[in-house]
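Survey of secondary and tertiary structure
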Amino acid sequence: MPRPCRESYGDQKPPYSYISLTAMAIWSSPDKMLPLADIYRFISDRFPYYRRNTQRWQNSLRHNLSFNDCFVKIPRRPDRPGKGAYWTLHPAALDMFENGSLLRRRKRFKLLKSDKDRLENELAALANLNR
DNA sequence: GTCTAATTCAAAT
DNA sequence: ATTTGAATTAGAC
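Residues numbered from 1 in each chain as written. Chains lettered and ligands numbered in written order. Predicted model: local features only at pLDDT ≥ 70, side-chain atom pairs only at ≥ 80, totals over all residues. Heavy atoms only, no water.

Filter applied, for reference: UniProt positions are given in the numbering used here, feature names are shortened, and annotations may be inferred rather than shown by experiment.
Per an unreviewed UniProt entry, chain A goes by the name Fork-head domain-containing protein and belongs to Nesidiocoris tenuis. The Subcellular location (unreviewed entry) comment attached to chain A in UniProt states, word for word, "Nucleus".

Quick look at the packing of helix α1 (residues 18-28) against helix α2 (residues 36-46)
Definition in use: Note on method: axes are straight lines fitted to C-alpha atoms, helices fitted across the in-contact stretch only, with angles between N-to-C directions ranging 0 to 180 degrees. Segments assigned H or I by DSSP are reported as helices when at least four residues long, segments assigned E as strands when at least two residues long, and all are numbered from the N terminus. An angle counts as roughly parallel when it lies under 35 degrees, as roughly antiparallel when it exceeds 145, as roughly perpendicular when it falls between 65 and 115, and as oblique in every other case. Here, two residues are considered to be in contact whenever any of their heavy atoms come within 4.5 Å of each other. In this count, Pro and Cys sit with the nonpolar residues alongside Ala, Val, Leu, Ile, Met, Phe, Trp and Tyr, while Asp, Glu, Lys and Arg are called charged and the others, Gly among them, polar.
Relative orientation of the contacting elements α1 and α2 amounts to 105°, with a least axis distance of 9 Å. It follows that α1 is roughly perpendicular to α2 by the angle criterion. Contact residues: α1 offers Leu21, Thr22, Met24, Ala25, Ile26 and Ser28, while α2 offers Ile39, Phe42 and Ile43. Considered class by class, the residues forming the contact of α1 with α2 number seven nonpolar, two polar and no charged.

Thoughts on the protein's contact with DNA strand B
Going by this rule: We define proximity as follows: a residue is near a molecule or strand when any one of its heavy atoms falls within 4 Å of that partner. Any N or O atom pair separated by 3.5 Å or less is treated as a polar contact, with the protein-specific requirement of one donor-capable and one acceptor-capable atom, and with residues adjacent in sequence counted only for side-chain atom pairs.
Near DNA strand B the following residues occur: Ser17, Tyr18, Arg56, Asn59, Ser60, His63, Asn64, Leu103, Arg104, Arg105, Arg106 and Arg108. The sugar-phosphate share of atoms of DNA strand B within 4 Å of the protein amounts to 65%. Measuring from a base nitrogen of DNA strand B, one finds a side-chain N or O atom of Asn59 at 3.1 Å. At a separation of 3.2 Å, a phosphate oxygen of DNA strand B approaches a polar side-chain atom of Ser60. Here the element with the most residues in the surface near DNA strand B is helix α3 (residues 54-67); it accounts for five residues. Partitioned by chemical class, the residues of the surface near DNA strand B number two nonpolar, five polar and five charged.

As structure tokens, then:
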């Protein structure tokens, strides 16, 4: 994952996958985590192409967040109120795009079930503390 | 042309 | 808003 790109592709579809765009958005934020609405905003601000067909690509984006283990949902802290949870990148997925292409990774990032279960337990515990 | 990641539609939660 | 699945599209080799 390289720099938060500033170049514009006009109304043409930018050469990035939703995974890449989402990673850029999260990467660009000070805390390296963003709520869904801010991810949407990052993408549509930079790429005019994504100011249309919002229902389609936003649904696809959401599908990616849930489906790919590289995105981790962090419960909101009570002192930072708002709507959805925060999304961040799994530490082990930071080099996800080590290979050149931002369109397609060589392999999908998947956690071992044991690691995934452990992570989910930790996050559940965190959610309890915040309540 | 094969392999499989990415996208889309969409139901269920 | 989030998770899941089936079907389809498409990038890398």
